[in-house]
Amino acid sequence: MERYAFADPDHLNYEATIDDKTVFTRPWKNQSASYRRKEMNAQLMEFKCVEFTEEMLYGHLRKQADK
């Protein structure tokens, strides 16, 4: 479950509750806050998602299957 809530006009709170009994032994939460950019002429920059970046960076950490 995901929740977004304005704390005030310049802050947005995000909360995710992960509850998957087939994967985890108990539910857990992740929380973060986002802040409005207030400087003059602030712009959102383009974000390009590169396929397989996560695998390239963290693939070596994956648990290997028993053979």
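As a reminder, the structure under discussion sits directly above these lines.
Residues numbered from 1 in each chain as written. Predicted model: local features only at pLDDT ≥ 70, side-chain atom pairs only at ≥ 80, totals over all residues. Heavy atoms only, no water.

Draft legend 1. Spotlight on the sheet that holds strand 2 (residues 11-18). Strand order in this open sheet of 3 strands is 1-2-3, and the pairing throughout is antiparallel. The open sheet terminates on both sides in strands that have one partner only, identified here as strand 1 (2-8) and strand 3 (28-35). Here the strands of the sheet are splayed against their neighbours by 20° on average, with no regard to which way each runs. Both strand 2 and strand 3 contribute to a ladder of 8 bridges, which runs antiparallel. Along strand 3, the bridge assignment pairs N13 with A33. (Pairing = 2+ DSSP bridges. Helix = DSSP H or I, 4+ residues; strand = E, 2+ residues; numbered from the N terminus. Axes fitted to C-alpha atoms, helices over the stretch in contact; angles between N-to-C directions.)

Draft legend 2. Structural view of the environment of R37. Position of R37 among the secondary structure elements: in the loop between strand 3 and helix 1 (53-58). Judged by its relative accessible area of 59%, R37 is exposed. Linking R37 and D10, residues 27 residues apart in sequence, is a C-alpha distance of 8.2 Å. Side-chain polar atoms of R37 contact the side chain of E39, separated by 2.4 Å. (Buried < 20%, exposed > 50% of the residue type's maximum accessible area, 1.4 Å probe, protein only. Polar contact = N/O pair within 3.5 Å; in protein donor to acceptor, adjacent residues only side chain to side chain.)

Draft legend 3. Quick look at unusual backbone geometry. Not every positive phi belongs to a glycine, and N41 is a case in point at roughly 60°. Among the secondary structure elements, N41 is positioned in the loop between strand 3 and helix 1. Accessibility expressed as a relative area gives 68% for N41, which makes it exposed.

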